[in-house]
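What the coordinates show
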Amino acid sequence: MKPKTVSKLGLEGGSGSGVAQGELPSFISEQVEDGDYFFLNVSDSKEAGFSLACGGVERCASSYRLSRSEFRFIGIEYVISGSARVVVAGREFVARRGTLFGYRPNESLLIESLGDAPLVKGFIDLYGSRVEALFSRTAMAEGQPIQYAGTSWMEHNFRQIVARAKDGGAQAIQFCELTAEGLLLHASDEGELNRNRLSNSYSSYLKCRSEIQSNFREVDTVAELASRVGYDQAYISRLFQRFDHEGPYAYLTRTKMNEAARLLMHESLSVKEVGWAIGFHDPAHFSRVFKKTFGVSPKHFVGSVMR
């Protein structure tokens, strides 16, 4: 499919679906001073899994005000610069540089520019069962924005989606949809992390992880970790199963092996001395664990990574 690509300065070509020659859809505001858009399949098929309908990057006029309650897609918007008053389904917040927000089909939406700096934002409109499932896991599904501190990578993703979609072709469209899916997955993780930060169990997990990071040289077992932090071993295991991708002993071992690799790379120590430094008193056992972790013995590690 060759996407329709439109700018506020004129049509850039294409033979995609859903947009007549030289026209912008009604949901593109006339209060945009400059914009770069693409349009793929805007049919909103009920059978779709994850589909990207359209998107763009736009610079809005100082008087920009968008108010609507009818819209077919799940929308994701990201503020690149400037700020705006946003109300999604009755929930109000200020969106500024680094704010990601979204809305479901037919939710009431108000976006209103604030201040003198022009509002510049990227947006993508999506539909499909997987889109709905991923969006539902984010804070955006509850009308809450997600604020990102490091903003350049998010802006890059939105601009990449626009640029690649305009290239057309199956691979470009797949790239755009995978990138959009990645944005939703990241937003889902951010929402989960924010909720976790407020929970007692997450605080307990951080306490265990901090103890490992600070004292891994002296801690050899989960039982010793449990004694240090004052938690039951089974509880610690449940914490790591919930908040990490590995168990507490695997995390402890990986922390030890990462330090061993650092010592081998940057210190003039023998394999035996490195093992002792991280709490392994049997050189053969240390070598076996190291090789299982990195796929190469500590004796040959430096040579393999320096090639």
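Residues numbered from 1 in each chain as written. Predicted model: local features only at pLDDT ≥ 70, side-chain atom pairs only at ≥ 80, totals over all residues. Heavy atoms only, no water.

**A short note on the overall build of the protein**
- Helix and strand content of the protein: 10 helices and 12 strands.
- Among the 307 residues that make up the protein, the fraction classed as buried is 47%.
- In the protein, of all internal contacts separated by at least 6 residues, the share reaching a separation of at least 24 is 68%. (Helix = DSSP H or I, 4+ residues; strand = E, 2+ residues; numbered from the N terminus. Buried < 20%, exposed > 50% of the residue type's maximum accessible area, 1.4 Å probe, protein only. Contact = heavy atoms within 4.5 Å.)

**Describing the confidence of the model for the protein**
- When pLDDT is averaged along the protein, the result is 85, and 84% of the positions lie at 70 or above.
- Counting contacts from residues 1-22, a segment whose pLDDT is below 50, to residues more than four positions away or on other chains yields 65 contacts. (pLDDT = per-residue confidence, 0-100.)

**Let's talk about the pattern of salt bridges**
- Applying the stated rule across the entire model yields 16 salt bridges.
- Of the charged contacts, one joins R254 and E246 as a salt bridge, the two residues approaching to 2.5 Å between their closest N and O atoms.
- A relative accessible area of 16% means that E246 is categorised as buried.
- Beyond isolated ion pairs, a larger network of salt bridges with shared partners links R65, R85, E92 and E112. (Salt bridge = Lys/Arg side-chain N within 4 Å of Asp/Glu carboxyl O.)

**Considering unusual backbone geometry**
- One non-glycine residue, A89, lies in positive phi territory at about 50°.
- Tracing the sequence through the fold places A89 in the loop between β7 (83-88) and β8 (91-96).

**Examining the packing of aromatic side chains**
- Within the structure shown, the criterion is met by 16 aromatic pairs.
- Between F71 and F73 the ring centres are 5.6 Å apart and the planes differ by 80°, which places this aromatic pair in the edge-to-face class.
- A relative accessible area of 8% means that F71 is categorised as buried.
- By relative accessible area, F73 is classed as buried at 1%.
- Pairing Y205 with F240 gives two aromatic rings, centres 5.1 Å apart and planes at 75°, and the pair type is edge-to-face. Of this pair, Y205 sits in helix α4 (residues 200-215) while F240 sits in helix α6 (residues 233-243), placing them 35 residues apart in sequence.
- Accessibility expressed as a relative area gives 0% for F240, which makes it buried.
- Site record: aromatic cluster; members linked through ring pairs are F280, F286, F290, F294 and F301.
- Directly above the ring of F71 sits R68, whose terminal nitrogen or CZ lies 3.9 Å from the centroid. (Phe/Tyr/Trp six-rings, centres within 6.5 Å; stacked < 30°, edge-to-face > 60°. Lys NZ or Arg CZ within 6 Å of the ring centre and 35° of its normal.)

**Quick notes on the packing of α4 against helix α5 (residues 222-229)**
- Their axes nearest at 10 Å, the elements α4 and α5 cross at an angle of 110°. Viewed along their axes, α4 and α5 adopt a mutual orientation that is roughly perpendicular. α4 and α5 meet at a crossing whose hand is right-handed. Contact with α4, carried on its side by K207, C208, E211, I212 and N215, involves L225, R228 and V229 of α5 and no other residues of that element.
- Class assignment for the residues of the contact of α4 with α5 results in four nonpolar, one polar and three charged. (Axes fitted to C-alpha atoms, helices over the stretch in contact; angles between N-to-C directions. Parallel < 35°, antiparallel > 145°, perpendicular 65-115°, else oblique. Left-handed = near helix turned anticlockwise from the far one by under 90°. Nonpolar A, V, L, I, M, F, W, Y, C, P; charged D, E, K, R; others polar.)

**Details of the sheet that holds β8**
- Ordered by their spatial adjacency, four strands build an open sheet running β5-β10-β7-β8, and the pairing between neighbours is antiparallel. Only two strands of the sheet have a single partner each, and these edge strands are β5 (65-68) and β8. The average angle at which neighbouring strand axes cross in this sheet is 15°, direction not considered.
- Here β7 runs beside strand β10 (residues 109-114); their pairing, made up of six bridges, is antiparallel. Note that in β10 the partner of S83 across the bridge is L114. (Pairing = 2+ DSSP bridges.)

**Here's the deal with helix α7 (residues 248-266)**
- Helix length check: α7, at 19 residues, gives a terminal C-alpha distance of 27 Å against a target of 27 Å (1.5 Å per residue), a fit within 8%.
- Those residues of α7 that sit buried are P248, Y251, L252, T253, T255, K256, M257, E259, A260, A261, L263 and L264. (Expected span 1.5 Å × (residues − 1).)

**Comments concerning the environment of P283**
- Mapped onto the elements of the fold, P283 is located in helix α9 (residues 283-294).
- A relative accessible area of 33% means that P283 is categorised as partly exposed.
- The sequence separation of P283 and E273 amounts to 10 residues, and the corresponding C-alpha distance is 8.7 Å.

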